[in-house]
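Structural features, examined
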Protein chains: 2
Amino acid sequence: MKRLAILGSTGSIGQSTLSIVEQFPERYQVAALAAGRNLDEVFAQCVRWRPRVVSVATEELAGQLAARLRQAGVNGINVVYGTQGTVTCASLPEADFVVSAIVGVAGLEATHAAILAGKPVGLANKECMVAAGEILTRAARERNVPILPIDSEHNAVHQCLRAGVAAEVKTIWLTASGGPFRQLPLDQFAAITPEQALKHPTWVMGRRITIDSATMLNKGLEVIEACRLFNVQPSQVRVKVHPQSTVHSLVEYVDGSILAQISVTDMRLPILYALAWPERPSSGLTFDLAALRHLDFEEPDFERFPCLRLAFEAAEKGGAHSIALNAADEVAVEAFLESRIPFMGIPRTIEKVLASISEAHPTTIAEVLATDREARQTARTLLQ
Amino acid sequence: MKRLAILGSTGSIGQSTLSIVEQFPERYQVAALAAGRNLDEVFAQCVRWRPRVVSVATEELAGQLAARLRQAGVNGINVVYGTQGTVTCASLPEADFVVSAIVGVAGLEATHAAILAGKPVGLANKECMVAAGEILTRAARERNVPILPIDSEHNAVHQCLRAGVAAEVKTIWLTASGGPFRQLPLDQFAAITPEQALKHPTWVMGRRITIDSATMLNKGLEVIEACRLFNVQPSQVRVKVHPQSTVHSLVEYVDGSILAQISVTDMRLPILYALAWPERPSSGLTFDLAALRHLDFEEPDFERFPCLRLAFEAAEKGGAHSIALNAADEVAVEAFLESRIPFMGIPRTIEKVLASISEAHPTTIAEVLATDREARQTARTLLQ
């Protein structure tokens with residue numbers, strides 16, 4: 001029986017994780033839930049799952065939640081809040097496994113705390129690895145704590161890596177749907193509207209990640225994540241456009257063999273993989289291989305998708321550059337969604353921020369967060 | 001340093017194995033060579049590789065080879081012959097690894113001897129597994145002897161199986177090029193000539209295996225081989241037609257993940273994999289994933305390729321039925337190549353032989369060979 005701390009319990013990964021707990025009651029229990037501001041949902045989750053601890057965004061929300069739980073006659077749940085609250089959940093002695101699914105750098109301190117507490121982490125938060133991958137993976141290696149990736153590409157890579165050892169890896173190939181503008185000619189990129197960019201062909205996602213998918217910055221963040229998670233050089237990571245999103249990624253070994261992972265596009269699969277690793281429980285999630293007819297692949301176009309190039313450059317430099325790439329993109333995407341800059345203004349903004357950033361390599365989470373704030377400020381100033 | 005006994009050294013797998021030894025002199029040495037009747041080639045191999053023992057088909061050939069070696073001043077090579085000669089090579093105390101690449105049931109006794117002597121086997125001979133898989137794998141399990149498959153499909157499966165454990169395997173998917181008649185309408189199968197059938201779109205191979213590829217009986221033999229090698233039920237093995245022969249096979253796990261193996265179609269890759277396992281040495285054999293554009297898949301057509309259905313049925317029954325499938329096919333293919341029966345006469349002959357065979361389960365290699373002889377005789381009688 002594994003007792004889970006689920007950070008980001010009301011988000012889509014958090015909810016999918018709870019559906020896995022529902023499906024496998026003999027394997028998983030809920031020890032802690034950390035949510036943000038969705039009080040109705042986290043209240044319902046507390047009633048259903050009876051965690052030892054629950055965390056919400058603020059002291060005020062914590063008070064409201066505690067009152068509702070009292071009224072409902074639900075006792076014995078410790079209600080905490082804020083960053084300290086998520087850290088409490090992540091390092092709870094009763095938890096055996098931490099699902100890190102808080103979006104953005106907000107999840108960073110709790111993820112770090114989980115690793116410091118020696119708890120295996122299922123990581124759905126790619127910003128953590130982009131901004132602080134060097135710090136997190138070093139801490140994990142020192143404590144022999146496994147970090148199991150929950151996004152579909154890195155989860156696929158993790159599976160393919162089981163067919164060899166680290167020194168035998170030649171190249172990690174991350175697949176990319178290519179986003180809505182995969183086939184759009186370059187001269188039409190200037191006229192892309194937020195409405196067009198928000199239509200993603202394959203996945204339904206949040207607004208920022210949808211735009212990041214359209215610029216392919218999302219794939220760039222995944223390149224950096226792959227470098228950190230699997231301890232490879234940026235030159236060992238490549239992107240392969242694959243519109244069907246059937247092959248979730250591939251690993252090429254030095255002997256010439258390439259392993260690929262195929263599955264349905266359902267986040268429950270990588271979540272279950274992370275929770276159960278090294279076991280593979282029967283999931284009921286079946287890809288219909290009998291119906292498979294075609295798989296298409298293309299090379300990525302770095303001219304139409306300069307964010308991808310910027311990400312490889314930031315991966316190479318690491319440290320502050322990786323942090324700034326993510327931070328500047330978030331600010332630029334916001335500006336694009338508010339129609340303050342054009343689509344190609346996103347990479348231009350990131351490039352300018354990266355050009356102004358120091359070569360520093362933060363060694364603490366506090367330094368990472370400070371660099372993140374600085375980069376956001378630089379981006380905002382640029383956009384004014 | 002691994003010292004190899006190479007059974008079938010003058011055949012294509014044998015020669016590729018020696019090219020691997022050439023490429024990795026720090027890893028591999030030649031301890032024994034077993035050839036057939038190609039005296040010039042085996043003489044040259046003896047001069048180059050100086051094995052401790054060499055075996056040829058007959059006493060007469062052994063005498064000739066010994067004389068030529070003496071004349072050439074090559075001393076210290078023990079020249080043996082016949083089945084006993086291959087058994088001597090396979091069980092040589094100085095050999096650490098046996099490459100079993102003698103075509104047909106001729107390699108059976110030597111392969112069995114290698115396993116009984118506790119030597120890891122690289123298996124390129126699929127008839128061994130089809131005819132005596134139950135005996136060979138039981139012996140291997142009892143002695144904890146690994147059998148590493150050298151044909152590309154089972155080698156791919158072996159690689160994909162590293163991403164999980166046996167109990168987690170749902171289905172093994174063997175890919176098939178589909179052969180030259182993949183798209184031929186059923187009503188034209190009656191008119192297929194040996195010349196048409198001998199043109200294989202992807203691989204250059206021997207005559208029998210080329211016809212077996214055209215009837216898909218070859219894939220059927222591989223289905224049986226997969227059942228025996230990986231200890232799965234016939235219902236857990238499926239065939240997927242994949243004309244590009246880029247994905248060499250796939251393994252579907254119960255959690256819904258499918259692992260696939262991709263590589264160049266070069267036999268040196270599976271040979272090196274088998275020799276080096278569990279290591280993956282850098283081989284220089286690179287599949288150009290950057291150039292990959294399309295992969296196509298189809299379901300196999302059991303109506304146009306009844307040999308595939310017959311093989312699944314024989315896999316289910318096992319024992320004498322597997323042996324007879326292979327034996328009857330060899331006789332029927334010979335008759336087809338001599339234009340004595342039409343193309344669809346091959347499955348008809350096999351089906352009749354299978355219908356007349358007992359349900360026996362041979363438990364010794366001698367019984368297997370006797371059953372094989374009987375089935376050949378039955379097929380020959382039928383065809384007269």
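Just above sits the structure.
Residue positions are counted from 1 within each chain, in the order its sequence is given. Chains and ligands are labelled by the order in which they are written, letters from A for the one and numbers from 1 for the other. With the structure being a predicted model, the display of local features is reserved for residues of pLDDT at least 70 and the display and counting of side-chain atom pairs for 80 or more, all residues being used for whole-chain, interface and lining totals. Side-chain numbers come from the whole structure's heavy atoms, not from hydrogens or water.

Looking now at the sheet that holds strand β8 (residues 169-176) of chain B. Pairing between strands is defined by DSSP: at least two bridges between them are needed. Elements are defined by DSSP. Helices are runs of H or I of four residues or more, strands are runs of E of two residues or more, and each kind is numbered from the N terminus. Pairing is mixed across the open sheet formed by 8 strands, whose spatial order is β9(A)-β8(A)-β10(A)-β11(A)-β11(B)-β10(B)-β8(B)-β9(B). One side of each edge strand has no neighbouring strand; the edge strands of this open sheet are β9 (237-241) of chain A together with β9 (237-241) of chain B. Direction aside, the axes of adjacent strands within the sheet are offset by 20° on average. Here strand β10 (residues 247-253) of chain B runs beside strand β11 (residues 258-262) of chain B; their pairing, made up of 5 bridges, is antiparallel. Across the sheet, Glu-252 of chain B pairs through a bridge with Ile-258 of chain B, a residue of β11 of chain B. Angles run from 0 to 180 degrees between N-to-C directions of axes, and those axes are lines fitted to C-alpha atoms, restricted for helices to the stretch in contact.

Below, the discussion takes up the sheet that holds strand β1 (residues 2-7) of chain A. All names here are of chain A. Reading across the sheet, the 7 strands line up as β4-β3-β2-β1-β5-β6-β7 and stay open at both edges, with parallel pairing between neighbours. At either end of the open sheet lies a strand with only one pairing partner, and these are β4 (78-81) and β7 (147-149). Neighbour-to-neighbour, the strand axes of this sheet turn through a mean angle of 25°, independent of strand direction. Two strands pair when backbone bridges link them, and strand β5 (residues 97-100) and strand β6 (residues 121-123) are joined in this way by 3 bridges, in the parallel orientation. Within β6, the residue paired with Val-98 across the bridge is Val-121. Whether two residues are in contact is decided by their heavy atoms, any of which lying within 4.5 Å being enough. Along the sheet, helix α5 (residues 108-116) makes contact with β1, β5, β6 and β7, crossing β6 at roughly 150°.

A word on the interface of chain A and chain B. Contact with chain A, which involves 46 residues of that partner, is made by 46 residues of chain B. Here's the idea: put two parts together, see how much 1.4 Å probe accessible area each one loses, and the total over both is what we call buried area. For the pairing of chain A and chain B, the buried interface totals around 3,700 Å² over both sides, and the portion due to carbon and sulfur atoms is 51%. Three residues, Asp-255, Arg-280 and Leu-289 of chain A, lead the burial of chain A against chain B; their summed loss comes to 19% of the area buried on that side. Any carboxyl oxygen of Asp or Glu that lies within 4 Å of a side-chain nitrogen of Lys or Arg is treated as forming a salt bridge with it. Linking Asp-255 of chain A and Arg-280 of chain B is a salt bridge whose minimum nitrogen-to-oxygen distance equals 2.9 Å. Any N or O atom pair separated by 3.5 Å or less is treated as a polar contact, with the protein-specific requirement of one donor-capable and one acceptor-capable atom, and with residues adjacent in sequence counted only for side-chain atom pairs. Across the contact surface, chain A and chain B share 30 residue pairs in polar contact (both at pLDDT 80 or more). If you list the elements that add at least two residues to the side of chain A that touches chain B, you get α7 (152-160), β8 (169-176), β9, β10 (247-253), β11 (258-262), α11 (268-276) and β12 (294-296) of chain A. Examining the composition of the side of chain A that touches chain B, we find that 5 residues originate from one element, β11 of chain A, more than from any other. When the residues that make up the side of chain A that touches chain B are grouped by side-chain class, the tally is 22 nonpolar, 11 polar and 13 charged. Side-chain classes follow a simple rule in which Ala, Val, Leu, Ile, Met, Phe, Trp, Tyr, Cys and Pro form the nonpolar group, Asp, Glu, Lys and Arg form the charged group, and the remainder, Gly included, forms the polar group.

Attention now moves to helix α14 (residues 345-356) of chain A. An α-helix turns once every 3.6 residues. As a result, residues three or four positions apart point the same way. The span expected for a helix works out to 1.5 Å for each residue beyond the first. For α14 of chain A, built from 12 residues, the straight-helix expectation of 16 Å at 1.5 Å per residue is met to within 8% by its first-to-last C-alpha distance of 17 Å. Each residue is placed in one exposure class: buried if its accessible area under a 1.4 Å probe, protein chains only, is under 20% of its type's maximum, exposed if it is over 50%, and partly exposed if it falls in between. Looking at α14 of chain A, one finds that the buried residues are Gly-345, Ile-346, Pro-347, Thr-349, Ile-350, Val-353 and Leu-354 of chain A.

Our next topic: the relation of the copies chain A and chain B. For the pair chain A and chain B, the best superposition has an RMSD of 0.0 Å and corresponds to a rotation of 180° with a translation of 0.0 Å parallel to the axis. This pairing of chains is accounted for by a two-fold axis. When you check the interface residues of chain A against chain B, 100% turn up at the interface there too, and the contact is symmetric in its surfaces. What sets the superposition is a least-squares fit of C-alpha atoms, and only residues with pLDDT of at least 70 in both copies go into it.

The element helix α7 (residues 152-160) of chain B is extensively covered by neighbouring structure, given that 9 of its 9 residues are classed as buried. When α7 of chain B is considered as a whole, its buried residues turn out to be Ser-152, Glu-153, His-154, Asn-155, Ala-156, Val-157, His-158, Gln-159 and Cys-160 of chain B.

What follows deals with the packing of aromatic side chains. Two aromatic rings, drawn from Phe, Tyr or Trp (for Trp, its six-membered ring), form a pair once their centres lie within 6.5 Å of each other, and the interplanar angle then sorts them: stacked below 30 degrees, edge-to-face above 60, tilted otherwise. Inspection of the entire model under this criterion finds 12 aromatic pairs over all chains. Relative to Phe-343 of chain A, the ring of Phe-336 of chain A lies with its centre 5.5 Å away and its plane at 70°, an arrangement referred to as edge-to-face. Grouping residues by exposure puts Phe-336 of chain A and Phe-343 of chain A together as buried. Taken together, a centroid distance of 5.6 Å and an interplanar angle of 80° make the contact between Phe-189 of chain B and Phe-305 of chain B edge-to-face. Of this pair, Phe-189 of chain B sits in the loop between β8 and α8 (194-197) while Phe-305 of chain B sits in the loop between β12 (294-296) and α12 (306-317); the two residues are 116 residues apart in sequence, bridging distant segments of the chain. Overall, Phe-189 of chain B belongs to the buried group, its relative accessible area being 1%. A relative accessible area of 3% places Phe-305 of chain B in the buried class. By the ring-pair criterion, three or more aromatic residues cluster together here, those being Phe-181, Phe-189, Phe-305, Phe-336 and Phe-343 of chain A. Lysine and arginine charges are scored as sitting over a ring when NZ or CZ, respectively, is within 6 Å of the ring centre and within 35 degrees of the ring normal. Its end group placed over the ring of Trp-49 of chain A, Arg-48 of chain A keeps NZ or CZ at 3.9 Å from the ring centre. Over the aromatic face of Phe-43 of chain A sits the side chain of Arg-68 of chain A, whose NZ or CZ is 4.5 Å from the ring centroid.

Looking now at the pairing of strand β5 (residues 97-100) of chain B. Residues and elements named next belong to chain B. Neither face of β5 is left uncovered, since the one carrying Phe-97 and Val-99 and the one carrying Val-98 and Ser-100 both have all their residues buried. Two elements, strand β1 (residues 2-7) and β5, share 4 bridges in a ladder whose sense is parallel. Considered in β5, the bridge of Leu-7 is made with Ser-100.

As enumerated under the stated definition, the model contains 50 salt bridges over all chains in all. Note that Arg-143 of chain B and Glu-142 of chain B form a salt bridge whose closest N and O atoms lie 3.6 Å from each other. Residue Arg-143 of chain B is classed as partly exposed on the basis of its relative accessible area, which comes to 37%. Looking at Glu-142 of chain B, the relative accessible area reads 59%, which means it is exposed. The salt bridge partner of Lys-240 of chain B is Glu-299 of chain B, with a shortest N-O separation of 3.1 Å. Separated by 59 residues along the polypeptide, Lys-240 of chain B in strand β9 and Glu-299 of chain B in the loop between β12 and α12 bring together distant segments of the chain. You can call Glu-299 of chain B partly exposed: its relative accessible area is 29%. If you follow the salt bridges from partner to partner, you end up with Glu-127, Arg-208, Asp-212, Asp-329, Glu-330, Asp-372 and Arg-376 of chain A in one network.

Residues and elements named next belong to chain B. Relative to the helices and strands, Thr-371 is located in helix α15 (residues 365-383). A distance of 2.8 Å separates a polar side-chain atom of Thr-371 from the backbone oxygen of Glu-367. When neighbours within four sequence positions are excluded, Thr-371 is seen to be in contact with Ala-320, Ile-323 and Pro-362.

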